[in-house]
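Topology and contacts: notes
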Amino acid sequence: MGYSDKHKLKTTNLQLPIRLLLGPGPSNLHPRVNQQLISSMVGYTDASYYKVMDETMELMRYLFQTDNHFTIPISGAGTAAMETCVSNLVEPGDKVVCLVSGFFSDRIYQMAVRYGANILKVDKQWGQWFGLEEIESALVQHKPSLLTLVFGETSTGVKQQMEGVGELCKKYNCLLMVDCVAALGGVPVFVDDWKIDACYTGTQKCLSGPPGISPITFSNAACHKIATRKTPVANWYLDCNLLGGYWCPEFNLADGTISKEEKSSIPRRYHHTTPANLLYSLREALVLLVEEGLDNVWKRHQDAAILLYAGLESLGLKPFVPQLNEQSEKGGRLFSLTTVIIPEGVDGKMVMKYLLDNFNIEIAGGIGAFAGKVWRIGLMGQNANPSNIKLLISSLSDALKVNGFNN
């Protein structure tokens, strides 16, 4: 008797509900991105696949606003990209400063602990951001080789001030690692101008792509650190010395030089079978971004956030993060992700359930220190548009009334 006969397995066609995903991610896929998930499969050594790889790397440089040659997608979710940075840039005993003011900045710290770093953890209350004086103080005190921070914290909706941080790191001979998972493609990010050495994102948020593949970029200084390590990278799957041999074999990580040979004539060294259809989808998401233009994309997300703020105010709700008059380079609200204070006496989970059950709208609750205190509303990628916001505000008004909140 076979396993299926013994256990009487039954199969049905998979049918999932269609939701409007207005939480912290994932966001809804753009139809053109979704279509690429069923594109033809080719082998990982096919010349046509190499062409897609190279095109995607160039498109990612536009996304990151960088000339970094080592700009590749990692086969894994945003957390895999995070661990790629930590595992490659940290050796046992290396001094690292971790700026922690939320769930994901603490995750970076936890990873650095596991890779044997000598860490100065600078804690700040959730919902706040770090000033230049306290960052410089940590650099002077600990003399690290790496500073880590989150630019757009998914757990709090805070945008970290970036102006001047890169300059401080260069002043104290320190690499700068920045998490942009909830921000890149939604708010302005300038990897080269901000002097960032390691930066990454996920596809499932502001790019409106599927989860499971994550853009990452390293400066030449970061690449030199990786190539001249005293110990092997402790994570084989994420070792950029090995990944570079497949994605950009023409690039010398140690000295930052690019071979003058035609790339097609340089053998690529197989590392792992990459998720082809996720790569196709990432490429299409980036093509859409180029077609709209980054400036227009950023403005659309900002306009959507401002419309959301007005709608929340009309309902008697308040964002957790205070608004600033000038936000271009200062810390403050993250336009792509808003944390909303749950009013006293309102059951936040019941409001979320009502939205999901009655309107197929998903928003999320707080996590970590913010659990039960806030809702998290994401306006990311194609979802950052006026019609979605109007629908959300109308539906949220009904949900609040049903749950006893009347403004």
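Residues numbered from 1 in each chain as written. Predicted model: local features only at pLDDT ≥ 70, side-chain atom pairs only at ≥ 80, totals over all residues. Heavy atoms only, no water.

The chain appears in an unreviewed UniProt entry as alanine--glyoxylate transaminase from Dictyostelium firmibasis. UniProt, in its Sequence similarities (unreviewed entry) section for the chain, records the words "Belongs to the class-V pyridoxal-phosphate-dependent aminotransferase family." Under the heading Cofactor (unreviewed entry), UniProt records this for the chain: "pyridoxal 5'-phosphate". (UniProt positions renumbered as here; feature names shortened; annotations may be inferred.)

Turning our attention to the sheet that holds strand β11 (residues 332-333). Spatially, three strands are ordered β6-β7-β11 in an open sheet, and the strand pairing comes out antiparallel. In this open sheet, the two strands that pair with only one neighbour each are β6 (152-153) and β11. Across two bridges, the pairing between β6 and strand β7 (residues 158-159) is antiparallel. Each bridged residue has a counterpart across the sheet, and for E153 the counterpart in β7 is V158. (Pairing = 2+ DSSP bridges. Helix = DSSP H or I, 4+ residues; strand = E, 2+ residues; numbered from the N terminus.)

All right, on to helix α9 (residues 240-247) then. Most of α9 is tucked away, with six of its eight residues classed as buried. Residues of α9 that are buried include every one of C240, L243, G244, G245, Y246 and W247, and no others. On its buried face, α9 is in contact with α3 (47-64), β2 (71-74), α4 (78-89), β10 (214-218), α8 (220-227) and α10 (276-292). In this structure D239 caps α9, since a side-chain oxygen of it lies 2.9 Å from the backbone nitrogen of N241. (Buried < 20%, exposed > 50% of the residue type's maximum accessible area, 1.4 Å probe, protein only. Contact = heavy atoms within 4.5 Å. Polar contact = N/O pair within 3.5 Å; in protein donor to acceptor, adjacent residues only side chain to side chain.)

In the structure shown here, the tally under the stated rule is twelve aromatic pairs. The interplanar angle of 80 degrees and the centroid separation of 5.7 Å between the aromatic rings of F190 and W194 together place this pair among those described as edge-to-face. Feature note: the residues F151, F190, W194 and W298 constitute an aromatic cluster, connected by ring pairs. The ring centre of F130 lies 5.7 Å from the NZ or CZ of K124, which sits over that ring. Here the basic side chain of R268 rests over the ring of Y50, its NZ or CZ set 4.2 Å away from the ring centre. (Phe/Tyr/Trp six-rings, centres within 6.5 Å; stacked < 30°, edge-to-face > 60°. Lys NZ or Arg CZ within 6 Å of the ring centre and 35° of its normal.)

In space, the seven strands of this open sheet follow the order β2-β10-β9-β8-β5-β3-β4, with mixed pairing throughout. The strands lining the two open edges of the sheet, one partner per strand, are β2 and β4 (118-123). Each neighbouring strand pair of the sheet contributes to a mean axis angle of 20 degrees, computed without reference to strand direction. Of the pairings in the sheet, the one linking strand β5 (residues 146-150) to strand β8 (residues 175-179) comprises five bridges and is parallel in character. The residue of β8 that forms the bridge with L146 is L175. Across the sheet, α4 touches β2, β5, β8, β9 (198-200) and β10, and the angle it forms with β10 is around 25 degrees. Contacting β8 and β10, α8 crosses the sheet at an angle of about 90 degrees to β10. (Axes fitted to C-alpha atoms, helices over the stretch in contact; angles between N-to-C directions.)

Turning to the nonpolar core, a few remarks are in order. The biggest cluster of nonpolar side chains holds 99 residues, and the ones touching the most others in it are F70, L147, F151, L176, M177, Y200 and F218. The residue makeup of this core includes at least three contributed by each of domain 1 (20-27 + 294-402) and domain 2 (31-286). Leave out the neighbours within four places in its chain, and L147 touches V97, L99, I135, L139, V165, C169, C174, L175, L176 and M177. Grouped together as the second largest cluster of nonpolar side chains are 26 residues, L315, I363, I389 and I393 included. (Core = buried A, V, L, I, M, F, W, Y, C linked by side-chain atoms within 4.5 Å. Domains from an automatic or database assignment.)

Glancing now at the pairing of β5. The element β5 is extensively covered by neighbouring structure, given that five of its five residues are classed as buried. Covered by surrounding structure in β5 are L146, T148 and V150 together with L147 and L149, the residues of both alternating faces. In the sheet, strand β3 (residues 95-100) pairs with β5 via three bridges, with the strands oriented parallel. Looking across to β5, one finds that V96 is bridged to L146.

Further remarks concern unusual backbone geometry. If a residue is not glycine, its phi is most likely negative; likewise, a peptide bond is most likely trans. Look at the link from G25 to P26: it is a cis peptide, with omega at 5 degrees. For P26, the location among the structural elements is in the loop between β1 (20-21) and α2 (31-36). The backbone of N173 shows a phi angle near 55 degrees, a positive value even though the residue is not glycine. By secondary structure assignment, the location of N173 is in the loop between α7 (165-171) and β8. By relative accessible area, which is 69% here, N173 ends up exposed. Positioned with a positive phi, S208 is a non-glycine residue whose angle comes to about 55 degrees. Summarising the element assignment, S208 is placed in the loop between β9 and β10.

Turning next to the domain arrangement of the chain. Assigned domains of the chain: these are domain 1 (20-27 + 294-402) and domain 2 (31-286). Put simply, the middle of domain 1 and the middle of domain 2, counted by C-alpha atoms, are 27 Å apart. Taken together, the contact between domain 1 and domain 2 spans 31 residues of the former and 34 residues of the latter. Overall, the association of domain 1 and domain 2 removes approximately 2,600 Å² of surface from exposure, summing both partners, and the carbon and sulfur fraction of that is 63%. Summed over the shared surface of domain 1 and domain 2, the result is eleven residue pairs in polar contact (both at pLDDT 80 or more). (Buried area = accessible area lost by both parts, 1.4 Å probe.)

This model, assessed by the stated rule, comprises 19 salt bridges. Of the charged contacts, one joins E55 and R283 as a salt bridge, the two residues approaching to 2.8 Å between their closest N and O atoms. Taken together, the residues E55 in helix α3 and R283 in helix α10 connect sequence positions 228 residues apart. Taking relative accessible area as the criterion, E55 reaches 24% and is therefore assigned partly exposed. Linking E91 and K225 is a salt bridge whose minimum nitrogen-to-oxygen distance equals 3.8 Å. Of this pair, E91 sits in the loop between α4 and β3 while K225 is found in helix α8, placing the two residues 134 residues apart along the sequence. The residues E91 and K225 share a single accessibility class, namely buried. Connected through shared salt-bridge partners, D54, E250, K263 and R268 make up one network. (Salt bridge = Lys/Arg side-chain N within 4 Å of Asp/Glu carboxyl O.)

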